[in-house]
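Results of the structural survey
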Amino acid sequence: SQQGEEDPQALSIQEGENATMNCSYKTSINNLQWYRQNSGRGLVHLILIRSNEREKHSGRLRVTLDTSKKSSSLLITASRAADTASYFCATLMDTGRRALTFGSGTRLQVQP
Amino acid sequence: NAGVTQTPKFQVLKTGQSMTLQCAQDMNHNSMYWYRQDPGMGLRLIYYSASEGTTDKGEVPNGYNVSRLNKREFSLRLESAAPSQTSVYFCASSEAGLGQGTWEQYFGPGTRLTVT
């Protein structure tokens, strides 16, 4: 089963609004990452947050991590039509397999 | 610097045929990965290679084999294709391996495979 699960599955907002996506996971992690996938393309890495970090910023992106609740959120501020894409969280477990486990994704539609 | 390249981009197979998907990276990365993505779903790990000479099974390895030919190349083989293997296949690489490095992954453009 997927380690990470995103919520909501789909989100539609107007340009200029903020978009928030959530990710929950099941086991102890080394780090959590967010990726973007434009339609018909490969995934692009957005941001990585380590298990000992609580918040991280990159441009219009803000990621939070709550290891006690095993959850993370991705906030995109002042969204643009170009932000329309699917967003995936991925976790690297603390032990065991040295590979990421991806969630099922949130499809974000930003209306111009 | 091409990043991660995959060939072919599209492929149609009949049930029972075999084929090899090719992947290469030019970033001197240690780890390489093969995923499949089915419609409306996230990526599922098929196989990965944490370093040259090693390969390990992921979540859905049945029906597939892999070869880490050298540090640059990681191929995925379907010995006897089945309709359930219709999917989009992505190769990825990351600097990290058995030792240090960053774990962010770089993805290829994907191979769209249809098995009839």
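The preceding data block contains the structure.
Residues numbered from 1 in each chain as written. Chains lettered and ligands numbered in written order. Predicted model: local features only at pLDDT ≥ 70, side-chain atom pairs only at ≥ 80, totals over all residues. Heavy atoms only, no water.

1. Re the packing of aromatic side chains
What the rule picks out here adds up to eight aromatic pairs over all chains. Aromatic pair Tyr-33 of chain B and Tyr-48 of chain B: ring centres 6.2 Å apart, planes at 15°, arrangement stacked. With Tyr-33 of chain B in strand β4 (residues 31–37) and Tyr-48 of chain B in strand β5 (residues 43–49), the pair connects residues that are 15 residues apart, well separated along the chain. Here Tyr-33 of chain B matches Tyr-48 of chain B in class, with each residue buried. The structure contains a cluster of three or more aromatic residues connected by ring pairs, namely Tyr-35 and Phe-102 of chain A together with Tyr-33, Tyr-35, Tyr-48 and Phe-107 of chain B. (Phe/Tyr/Trp six-rings, centres within 6.5 Å; stacked < 30°, edge-to-face > 60°. Helix = DSSP H or I, 4+ residues; strand = E, 2+ residues; numbered from the N terminus. Buried < 20%, exposed > 50% of the residue type's maximum accessible area, 1.4 Å probe, protein only.)

2. Concerning the sheet that holds strand β7 (residues 64–68) of chain B
Residue and element names in this part refer to chain B. Across the sheet, which stays open at both edges, the four strands sit in the order β1-β3-β8-β7 with antiparallel pairing between neighbours. Of all the strands in the sheet, the pair left with one neighbour each is β1 (4–7) and β7. Each adjacent strand pair in this sheet contributes to an overall mean axis angle of 15°, direction not counted. The pairing of β1 with strand β3 (residues 19–25) spans four bridges and is antiparallel. Along β3, the bridge assignment pairs Val-4 with Gln-25. (Pairing = 2+ DSSP bridges. Axes fitted to C-alpha atoms, helices over the stretch in contact; angles between N-to-C directions.)

3. As for the state of the cysteines
All names here are of chain A. In total, this model carries two disulfides over all chains according to the counting rule given. Across the disulfide from Cys-23 sits Cys-89; the S-S distance is 2.0 Å. Note on the Cys-23 and Cys-89 pair: the S-S dihedral is about 65°, so by sign convention the disulfide is right-handed. You can see Cys-23 sitting in strand β3 (residues 19–24) and its partner Cys-89 sitting in strand β9 (residues 85–93), a full 66 residues away along the chain. (Disulfide = S-S within 2.5 Å.)

4. Remarks on the environment of Thr-116 of chain B
All names here are of chain B. Inspection of the secondary structure puts Thr-116 in the segment after β11 (111–115). A relative accessible area of 54% places Thr-116 in the exposed class. Placed 103 residues apart in sequence, Thr-116 and Leu-13 show a C-alpha to C-alpha distance of 6.3 Å. Once you skip the residues sitting within four places of it in the chain, Thr-116 turns out to touch Val-12, Leu-13, Lys-14 and Thr-15. (Contact = heavy atoms within 4.5 Å.)

5. Structural notes on the nonpolar core
Residue and element names in this part refer to chain A. Counting residues in each nonpolar core, the largest one holds 21 residues, and the members touching the most others are Leu-32, Trp-34, Leu-74, Ile-76, Tyr-87 and Leu-108. Residue assignment for this core shows that the elements contributing at least two residues are β3, β4 (29–37), β5 (43–50), β7 (61–66), β8 (71–76), β9 and β11 (106–111). Not counting chain neighbours up to four residues away, the residues in contact with Tyr-87 comprise Glu-6, Met-21, Tyr-35, Arg-36, Leu-46, Leu-74, Ile-76, Gly-105, Thr-106 and Leu-108. (Core = buried A, V, L, I, M, F, W, Y, C linked by side-chain atoms within 4.5 Å.)

6. Comments concerning the interface of chain A and chain B
Listed by partner, the interface residues are 22 residues for chain A and 21 residues for chain B. In total, about 1700 Å² of surface goes out of reach between chain A and chain B, with carbon and sulfur atoms giving 54% of it. Of all residues in chain A, the largest losses of buried area upon contact with chain B belong to Leu-43, Arg-97 and Arg-98 of chain A, amounting jointly to 29% of the total for that side. Joining chain A to chain B, the criterion identifies zero salt bridges. At the boundary of chain A with chain B, the tally comes to four residue pairs in polar contact (both at pLDDT 80 or more). Among the elements of the structure, β4, β5, β9 and β10 (100–102) of chain A are those that each provide at least two residues to the side of chain A that touches chain B. Looking at the side of chain A that touches chain B residue by residue, the classes come out as eight nonpolar, eleven polar and three charged. (Buried area = accessible area lost by both parts, 1.4 Å probe. Salt bridge = Lys/Arg side-chain N within 4 Å of Asp/Glu carboxyl O. Polar contact = N/O pair within 3.5 Å; in protein donor to acceptor, adjacent residues only side chain to side chain. Nonpolar A, V, L, I, M, F, W, Y, C, P; charged D, E, K, R; others polar.)

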